Structures are given as structure tokens and as C-alpha cells.
Amino acid sequence: GIASVDAGWFGSGAPALRPGVETAAGDLFPLSWSPDGTRIAGREITEGVLAIYTPGAGKLEPQRDRAGRDFGKWDLGAAWLPDGRRILAWDGQRDVAIVWDTVAQEVRDVPGLPGPSELDLSADGRTLILNRRVSKADIWMLTLE
């Protein structure tokens with residue numbers, strides 16, 4: 001959902017009013033606001049692909065390349081670059097970080113980042129945070145007699 005709040009709502013005391021929450025895109029797992037605050041990058045839940053939601057238009061657009069192909073499974077985060085045109089994301093299908101150009105509809109790999117990782121960028125785009133997901137397990141066998 002989306003709620004409109006003013007800056008005072010985040011003050012030190014409890015907010016005086018509860019914000020009204022309206023339903024947004026039901027199939028979107030939101031990950032990152034665009035720098036201008038007009039679009040939200042996220043994962044389209046049904047297909048698991050990168051999507052952009054425009055609240056003002058109520059429009060959810062799964063992102064595809066010029067040939068109409070989806071790019072991987074975008075399940076580990078996405079962050080807008082400061083230009084408001086490109087998105088940094090993790091392609092879970094190929095296990096690589098990518099930069100997605102939403103205007104040219106092109107994707108470029110970003111080599112050298114450990115993964116799989118959740119990604120986020122500072123507002124100026126100069127500092128990257130990685131939250132690497134690592135699963136470890138031991139397997140034990142027991143024979144009962």
C-alpha cells in the first residue's frame with residue numbers, strides 16, 4: 001500500500017493521525033523509490049521479474065529487453081542509480097549483479113561483486129551496500145539398529 005505522510009509524522013512523539021493507506025500494485029514486492037520519487041522498482045511477484053510501478057498512473061510494468069525477454073529472477077533487491085534511468089539489481093537466475101537501463105531496455109553485467117547479494121546504493125550512487133546471502137549446512141547420517 002501507499003500512504004501520504006508529512007515530515008512531522010516521523011517526529012519524536014507518536015503521530016497524531018494514522019495515515020490512510022491505499023492499495024498499490026498487488027503483484028509488486030517494492031524494493032526502491034526512483035530518485036525523483038515518481039516510480040518504484042521491485043519484483044513482480046507472479047513472474048519474479050524486475051518491474052516498475054508508477055503510483056501516479058497506477059501502472060505496473062514488468063521490465064523486458066527489446067526482444068521482449070525477461071531478465072532472470074530479481075529476488076534479491078534493486079536500487080535506482082542517481083540518474084533515475086538505470087537500476088542496479090541482482091540477477092538470481094545467472095547469479096550476477098547487473099545494471100538495467102530502463103530507457104534503452106538494455107542490461108549490462110557488473111562483474112566482481114560477491115553474491116548472491118541484496119544491494120542498495122547511497123543517494124549519490126558512490127557507496128554500495130551488499131548483504132550477501134550464504135547458506136551453510138551439515139549433513140549427518142545415522143543408522144539405527
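Structure shown above.
Remember, it's a predicted structure, so these values are computed and weren't measured experimentally.

Considerations on the sheet that holds strand β3 (residues 28-33)
Ordered in space as β3-β4-β5-β6, the 4 strands form an open sheet in which the pairing is antiparallel. The open sheet has two free edges, formed respectively by β3 and β6 (59-62), since each of these has just one partner strand. Strand-to-strand twist across the sheet, computed as the mean angle between neighbouring axes with direction ignored, equals 30 degrees.

Digging into the nonpolar core
Formed by Ala41, Leu50, Ile52, Ala78, Trp80, Ile87, Ala89, Val96, Ile98 and Trp100, the largest nonpolar core amounts to 10 residues. Where this core is concerned, the elements lending two or more residues are β5 (49-54), β7 (78-80), β8 (86-91) and β9 (96-101). By size, the runner-up hydrophobic cluster in this structure holds 9 residues, among which are Ala79, Leu81, Trp90 and Ala97.

Looking at the pattern of salt bridges
Here the structure, examined in full by the defined rule, presents 3 salt bridges. Residue Asp101 pairs with Arg85 through a salt bridge whose shortest N-O separation is 2.8 Å. Within this pair, whereas Asp101 is found in strand β9, its partner Arg85 is found in the loop between β7 and β8, the two being separated by 16 residues in sequence.

Structural notes on the pairing of strand β11 (residues 117-121)
For a regular strand, side-chain orientation follows a simple rule: the groups alternate between the two sheet faces. A one-sided burial pattern is seen for β11, the buried positions being Ser117, Leu119 and Leu121 and the unburied ones Glu118 and Asp120. Where β11 and strand β12 (residues 128-132) come together, 5 bridges link them in antiparallel fashion. Bridge assignment links Asp120 to a residue of β12, and that residue is Ile129. Between β11 and β12, which follow one another and run antiparallel, lie 6 residues, and Gly125 among them has a positive phi close to 75 degrees.

Each value, and the rule that gives it
- Residues numbered from 1 in each chain as written.
- Predicted model: local features only at pLDDT ≥ 70, side-chain atom pairs only at ≥ 80, totals over all residues.
- Heavy atoms only, no water.
- Pairing = 2+ DSSP bridges.
- Helix = DSSP H or I, 4+ residues; strand = E, 2+ residues; numbered from the N terminus.
- Axes fitted to C-alpha atoms, helices over the stretch in contact; angles between N-to-C directions.
- Core = buried A, V, L, I, M, F, W, Y, C linked by side-chain atoms within 4.5 Å.
- Buried < 20%, exposed > 50% of the residue type's maximum accessible area, 1.4 Å probe, protein only.
- Salt bridge = Lys/Arg side-chain N within 4 Å of Asp/Glu carboxyl O.

In short, the description is geometric, and any link to function would need to be established separately.
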